[in-house]
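Structural overview for review
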Amino acid sequence: MKKRQIDNFPLEELSKEEYHSPTELPRVMLAIFDLVVTLGIMTLATSLSFFFRHIGFHESNFIMAYILGVLIVAKQTNGHVYGILASVIGVSSFNFFFTEPYYTFVTYRPDYPVTFMIMLIVAIITSTLTAKAKQESRLSSLREKRTQILYEITKGLLEVRNFNQIAEVGGRDIAKLFNCSVIIATINSSDGLGEPIIFASNNDERANIFYSYPERQALAETFQTGNPVGAGAVVFVDSPAYYLPVKGQSGTLGVVGVSCFDSKFLSDEQIRLLESVTTQIALAMERERLLEKQQKAKMDVERERLRGNLLRAISHDLRTPLTGILGATATILDHEEVLDKKVKRDLLQGVYEDASWLIHSVENILNITRIDEGRIELKKNMEAVEEIVAEAVSRIKKLASNHIIKIDIPRDLIMLPMDGALIEQVLVNLIDNALKYTLSGSTIKIKMQINDEWGVFEVSDNGNGISEEEIPFIFDRFYTVPTVSTGRRGTGLGLAICKSIIAVHGGDISAFNNTSGGSTFRFRLPLKE
């Protein structure tokens, strides 16, 4: 189980008290505070009315002072009760202090009860409307913050590319948003619950409770049932955390647990926000699942296409040398007595060349299969460049009897980290490619030199070169053109294998035409690991 520390708060401006773990004053203390505020404001309204009477203002100004006090009380306190209380205090104070006889609740004028009633109704309606407007303003602000928070979290989830990253980003954002410790776990490849990740807020050591067996049980219960458990729920009520499943269209994709230490349960608004965040996490996970399925389907289609191309290459291109071998051997067997020694030798030479070409093609087919299956293993050692080049030339020399092969490598001993067998295969493929696309008597040059931090190999010829339109495609699998020497196509795997082998060595390969004619294939290998 992994543990992360959450110390900074990029979402601080968005995650106000409404979304944090409850840290408000207790209800009794909050009620006392609002009551004191109400009494204080109405006392000030009474004092202002006394001032108005002292300077000779009409009593209607006293009423306006009390209504103003009611408006301020409704604005500064929580709920409708205090506004109504302020309305009653205002009417009573006006009756007691500013109607004759003063300092009694008795009135001599018959219209005052009506005035008091209208004043009370106006004050109550005013306070109720003010409190409602305040509540609507607060809810509007909360919705705006909630939308902005979800946007920021969604934007972060769009940048991730696997379930582990989604868990990292989602858990981190929830911990910052609620200012509390969080545990999050997502499904693994076998559709079970994977290893959880813990995000401890401000190095809170209490987050270690998530390692306990009861909390792991609560996590598993949430995943299995798909229902919330823990603090504030009906199951595992003694748990110090609230666990919520991450639900997608295909079922439960994970579990998020938010700490509720000191019995500070999540409010309804916080739970709704948490559900919205887990929905975004589920969407990101569903997106990655769909992408994985699409990639797998694409790979399956590509694999079938490659298999079909490989079978066609084998059936068409391998049949030609086999036919030559069969024809030559049949001729020797049927006419051995009448054939002279030179004809027999020519026929056997053809059999040898075709068999060598078959072996070379089969090696390429086996290599490309290993590459596709990810079974190609590098066995890097410090190899002498001179020995690798010499071995490659010796393997191909019997097929190059009508060509001139020149070698240009430094006299000093050069050692490079490489898989000698694979690099030798690359050189054999490049030389064989040059043999197929040049006429008899052509020169093939193998050159090696050190350039900065690279060992650079070149196989060049003086043939007709490569069409500029074909250069971007020559390293693609099964891309072939008719050869010059035989007119037949190869399997189209040799150069593709070269590219794959050089890539796993950390190098690169390219092809270009020479200014003097012919073409050059160049590949580079790093001098160091």
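A brief report on the enclosed structure follows.

Cut-off values and rules
- Residues numbered from 1 in each chain as written.
- Predicted model: local features only at pLDDT ≥ 70, side-chain atom pairs only at ≥ 80, totals over all residues.
- Heavy atoms only, no water.
- Pairing = 2+ DSSP bridges.
- Helix = DSSP H or I, 4+ residues; strand = E, 2+ residues; numbered from the N terminus.
- Axes fitted to C-alpha atoms, helices over the stretch in contact; angles between N-to-C directions.
- Contact = heavy atoms within 4.5 Å.
- Phe/Tyr/Trp six-rings, centres within 6.5 Å; stacked < 30°, edge-to-face > 60°.
- Buried < 20%, exposed > 50% of the residue type's maximum accessible area, 1.4 Å probe, protein only.
- Lys NZ or Arg CZ within 6 Å of the ring centre and 35° of its normal.
- Lys, Arg positive; Asp, Glu negative; His and termini not counted.
- Salt bridge = Lys/Arg side-chain N within 4 Å of Asp/Glu carboxyl O.
- Core = buried A, V, L, I, M, F, W, Y, C linked by side-chain atoms within 4.5 Å.
- Polar contact = N/O pair within 3.5 Å; in protein donor to acceptor, adjacent residues only side chain to side chain.
- Expected span 1.5 Å × (residues − 1).
- Parallel < 35°, antiparallel > 145°, perpendicular 65-115°, else oblique.
- Left-handed = near helix turned anticlockwise from the far one by under 90°.
- Nonpolar A, V, L, I, M, F, W, Y, C, P; charged D, E, K, R; others polar.

So, about the sheet that holds strand β11 (residues 454-461). Ordered by their spatial adjacency, five strands build an open sheet running β8-β10-β11-β13-β12, and the pairing between neighbours is mixed. Of all the strands in the sheet, just β8 (404-408) and β12 (508-513) have a single pairing partner and so form its edges. The mean inter-strand angle of the sheet, taken between neighbouring strand axes irrespective of direction, is 15°. Relative to strand β10 (residues 443-451), β8 is paired through five bridges, and the arrangement is parallel. Residue pairing across strands places Ile-405 opposite Ile-444, the latter belonging to β10. Helix α11 (residues 420-436) contacts β8, β10, β11, β12 and β13 (519-526) of the sheet and is inclined by roughly 175° relative to β13.

Looking now at the packing of aromatic side chains. Taken as a whole and judged by the stated rule, the model has 14 aromatic pairs. Seen in terms of ring centroids, Phe-97 and Phe-98 are 6.2 Å apart; in terms of plane orientation they differ by 55°. Their pairing is tilted. On the accessibility criterion, Phe-97 (22% relative accessible area) is partly exposed. One aromatic cluster in this structure is built from Phe-50, Phe-62, Tyr-66, Phe-94, Phe-96, Phe-97, Phe-98, Tyr-102 and Tyr-103. Its end group placed over the ring of Tyr-102, Arg-53 keeps NZ or CZ at 4.7 Å from the ring centre. In this structure, Arg-524 is placed above the aromatic ring of Trp-454, and the distance from its NZ or CZ to the ring centre is 4.1 Å.

So, on to the side chain of Asp-419. Among the secondary structure elements, Asp-419 is positioned in the loop between β9 (415-418) and α11. Look at Asp-419: it is buried, it has no salt bridge, and the nearest opposite charge is Lys-379 at 6.7 Å. The contacts of Asp-419, once residues within four sequence positions are left out, are Glu-377, Leu-378, Lys-379, Lys-380 and His-505.

Evaluated as defined, the whole model comprises eight salt bridges. For Lys-342, the salt bridge identified is with Asp-346, shortest N-O distance 3.3 Å. One end of the pair is Lys-342 and the other is Asp-346, both in helix α9 (residues 341-373) and four residues apart, which spans about a single turn. Residue Arg-522 is joined to Glu-458 by a salt bridge in which the shortest nitrogen-to-oxygen separation is 2.6 Å. Residue Arg-522 is located in strand β13, and its partner Glu-458 is located in strand β11; the two are separated by 64 residues in the primary sequence. Residue class for Glu-458 comes out buried when judged on its relative accessible area of 12%.

What follows deals with the environment of Ile-471. Tracing the chain through its elements places Ile-471 in the loop between β11 and α12 (494-504). As a C-alpha pair, Ile-471 and Ala-511 span 40 residues in sequence and 7.0 Å in three-dimensional space. Ignoring anything within four residues of it in the chain, the contact list for Ile-471 reads Ile-466, Ala-511 and Asn-513.

Another point: the nonpolar core. Ile-174, Tyr-243, Leu-274 and Ile-281 are the most contacted members of the largest nonpolar core, which totals 49 residues. Those elements that place two or more of their residues in this core are α4 (112-157), α5 (163-178), β2 (182-186), β3 (197-201), α6 (213-225), β5 (241-248), β6 (251-259) and α7 (268-317). The residues touching Ile-174, leaving out its near neighbours within four places in the chain, are Asn-179, Val-182, Val-256, Val-258, Leu-274, Val-277 and Ile-281. If you look at the next biggest cluster of nonpolar residues, it comprises 47 residues, including Leu-318, Ile-325, Val-351 and Leu-430.

Moving on to the environment of Glu-383. By secondary structure assignment, the location of Glu-383 is in strand β7 (residues 381-384). In this structure, the C-alpha to C-alpha distance between Glu-383 and Ile-414, residues 31 residues apart in sequence, is 8.1 Å. Here Glu-383 is in contact with Ile-388, Ile-414, Met-415, Leu-416, Met-418 and Gly-420, once residues within four sequence places are set aside.

What follows is about the side chain of Glu-458. There is a polar contact of 2.6 Å between the side chain of Glu-458 and the side chain of Arg-522. Non-local contacts of Glu-458, meaning those with residues more than four positions away in its chain, are made with Lys-445, Ile-446, Lys-447, Thr-520, Phe-521 and Arg-522.

With 17 residues, α11 ought to run about 24 Å at 1.5 Å a step, and its terminal C-alpha atoms sit 24 Å apart, in line with that. With respect to burial, α11 is a largely interior element, 16 of its 17 residues being buried.

A few words now on the packing of helix α1 (residues 27-54) against helix α3 (residues 81-98). For the pair α1 and α3, the least separation of the axes is 10 Å and the interaxial angle reads 30°. In terms of axis orientation, α1 runs roughly parallel to α3. Classified by chirality, the crossing of α3 by α1 is right-handed. Only Tyr-82, Leu-85, Ala-86, Ile-89, Gly-90, Ser-93, Phe-97 and Phe-98 of α3 make contact with α1, whose side of the interface consists of Ala-31, Asp-34, Leu-35, Thr-38, Leu-39, Met-42, Thr-46, Ser-49, Phe-50 and Arg-53. Its residues assigned to classes, the contact of α1 with α3 comprises eleven nonpolar, five polar and two charged.

In short, the description is geometric, and any link to function would need to be established separately.
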